[in-house]
Amino acid sequence: EPEVTQTPSHQVTQMGQEVILRCVPISNHLYFYWYRQILGQKVEFLVSFYNNEISEKSEIFDDQFSVERPDGSNFTLKIRSTKLEDSAMYFCASTGRMNTEAFFGQGTRLTVV
Amino acid sequence: AQTVTQSQPEMSVQEAETVTLSCTYDTSESDYYLFWYKQPPSRQMILVIRQEAYKQQNATENRFSVNFQKAAKSFSLKISDSQLGDAAMYFCAYRRGETSGSRLTFGEGTQLTVNP
């Protein structure tokens, strides 16, 4: 069964450093997303991406964040200068044209120290 | 803006018994989808069941079924014959129906414990 894969599964970084979280969505999907879940809290939408551009972003997705689809398979989330409050689980998800449900990756746990 | 509310932070059930998790939502849209996702300790998000707002029939998936009350904007999840593997955080989620690319809005989650 096709699945969304994320790397790394866990990343520890120092405050102020840049991190790139990587995702490989399901191959024939067209819409890609990043969500964030701070420990003990609900899952929050960050950004959606379609046709090589951002289609929607939340108020959380400020100038520190960027997304990119550098090739035909990868979808990345970059945080330019990490803060302690960026520590969270980051989920990538994708949907196809006819899909109603989003398929999620296993998440990347980001710890900023 | 759409909101999703889960008023039960924690629920528990005895193995083999039935439990119902509550969810309410607020929207002015007429076309939308509702989902229940399960998040076990591994923190993977696993789709349990989905409901299209235009369908009157409640969705079922094996031991999982929903009670969708559109007028009341209520979407509860019933788990029958509960198993130890059902223990997890359950999130209710909403998505607008007009485009496949619209975001999911999640509730706060309900932590389900299954007692042997």
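Everything below is about the structure printed above this text.
Because the structure is predicted, anything quoted here is derived from the model rather than measured.

**Student:** How should the pairing of strand 3 (residues 19–24) of chain A be read in this particular structure?
**Tutor:** The side chains of a regular strand alternate between both faces of the sheet. Residue and element names in this part refer to chain A. Taking every second residue as pointing to the same face, the buried face of strand 3 carries Val19, Leu21 and Cys23, while none of Ile20, Arg22 and Val24 on the other face is buried. Pairing between strand 1 (residues 5–7) and strand 3: three bridges, direction antiparallel. Bridging from a neighbouring strand, Thr7 pairs with Arg22 of strand 3. Of the strand pairs in this sheet, strand 3 and strand 8 (residues 75–79) are connected by five bridges, and their pairing is antiparallel. The partner of Ile20 across the bridge, within strand 8, is Lys78.

**Student:** Explain the state of the cysteines here, please?
**Tutor:** Throughout this description, disulfide means a covalent bond between two cysteine sulfur atoms. Residues and elements named next belong to chain A. Per the stated rule, a full pass over the model turns up two disulfides over all chains. Across the disulfide from Cys23 sits Cys92; the S-S distance is 1.9 Å. Judged by the sign of its S-S torsion, about -65 degrees, the bond between Cys23 and Cys92 is left-handed. Within this pair, whereas Cys23 is found in strand 3, its partner Cys92 is found in strand 9 (residues 88–95), the two being separated by 69 residues in sequence. When sorted by exposure, Cys23 lands in the same class as Cys92, which is buried.

Rules used in this analysis
- Residues numbered from 1 in each chain as written.
- Chains lettered and ligands numbered in written order.
- Predicted model: local features only at pLDDT ≥ 70, side-chain atom pairs only at ≥ 80, totals over all residues.
- Heavy atoms only, no water.
- Buried < 20%, exposed > 50% of the residue type's maximum accessible area, 1.4 Å probe, protein only.
- Helix = DSSP H or I, 4+ residues; strand = E, 2+ residues; numbered from the N terminus.
- Pairing = 2+ DSSP bridges.
- Disulfide = S-S within 2.5 Å.

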